[in-house]
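Fold and contact review
For reference, the chains in residue letters:
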Amino acid sequence: MTSANAVPEIIRRYFAYASQRDTEAYFGLFADDAVVEDEGKTYHGIAEIRRWRGQVPLVSYEITDVEQTPAGTVVTATITGDFPGSPFAGLRFRFEEYDDAAIRRLRIAP
C-alpha cells in the first residue's frame with residue numbers, strides 16, 4: 001500500500017471530495033476547461049463534469065498504488081459502492097495535467 005504522503009495534495013483532495021455527494025469543493029478542483037475521460041466518454045469543462053458526476057454512483061475509494069510517470073500521476077484504487085461488481089479493484093485514475101491549483105486532464109480506466 002502506498003503512503004498518503006506520496007499522493008500530491010490536490011489529488012488527495014480529489015479522492016476526499018469525490019466520495020461525497022457533489023460539493024462545490026469537488027468542482028473547484030478542476031480548471032474551467034478541464035477534461036475528464038471515463039467509461040469511454042469525454043467531458044469538457046465544468047458543466048459537462050457536473051453532468052458526468054450526476055450520472056455516477058457515490059463510491060468510496062481505497063488507494064492501493066501511486067506511480068509518478070512522465071505523463072503525470074497514476075493512482076490505482078479499489079472503489080466500493082452501490083453498483084454491479086462492487087467492490088472493483090484496479091481502477092486507474094490518470095491525472096495527466098494538474099498543478100497545486102487545478103486538475104486539467106483526468107482519465108479514468110481499468
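Numbering of residues begins from 1 in every chain and follows the order in which that chain's sequence is written. Under the rules for a predicted model, residues below a pLDDT of 70 receive no local features and side-chain atom pairs below 80 are neither given nor counted, while totals for whole chains, interfaces and linings still include all residues. Excluded from the side-chain calculation are hydrogens and water; included are all heavy atoms of the structure.

**With respect to the pairing of strand 3 (residues 59–69)**
As paired strands, strand 3 and strand 4 (residues 72–81) are joined by ten bridges and run antiparallel to one another. Its bridge partner being in strand 4, V66 is matched across the sheet by V75. When DSSP finds two or more bridges between a pair of strands, those strands are recorded as paired. Put simply, DSSP marks the helices as runs of H or I at least four residues long and the strands as runs of E at least two long, and each gets a number from the N terminus on. Connecting strand 3 to the next strand, strand 4, in antiparallel fashion are two residues.

**Quick notes on the sheet that holds strand 1 (residues 30–38)**
Remark on secondary structure: sheet strands pair via backbone hydrogen bonds, oriented parallel or antiparallel. If you trace the six strands from one edge of the open sheet to the other, you get 2-1-6-5-4-3, paired in mixed fashion. The open sheet is flanked by strand 2 (41–44) and strand 3, the only strands paired with a single partner. Along the sheet, successive strands turn relative to each other by an average axial angle of 20°, direction set aside. Direction of pairing for strand 5 (residues 88–98) relative to strand 6 (residues 103–109): antiparallel, over a ladder of six bridges. Pairing of Y98 across the sheet is with I103, part of strand 6. Residue contacts are defined here by distance: any two heavy atoms, one from each residue, within 4.5 Å place the two residues in contact. To define axes, lines are fitted to C-alpha atoms, for helices over the stretch in contact only, and angles between the resulting N-to-C directions are given on a 0 to 180 degree scale. Relative to strand 1, helix 3 (residues 45–55) is tilted by about 40°, and along the sheet it contacts strand 1, strand 2, strand 3 and strand 6.

**Quick look at helix 3**
Think of it in three bands: residues with accessible area under 20% of the maximum for their type are buried, residues over 50% are exposed, and the middle band is partly exposed, with areas taken using a 1.4 Å probe on protein chains only. For helix 3, the set of buried residues is G45, I46, I49, W52 and R53. The buried residues of helix 3 occupy one face: seen down the axis, they fall within an arc of 125°. Among the exposed residues of helix 3, those pointing more than 90 degrees away from its buried face are R51, G54 and Q55. In this fold, the buried residues of helix 3 make contact with helix 1 (9–18), helix 2 (24–27), strand 1, strand 2, strand 3 and strand 6. Arc, as used here, means the arc of the directions from the helix axis to the C-beta atoms.

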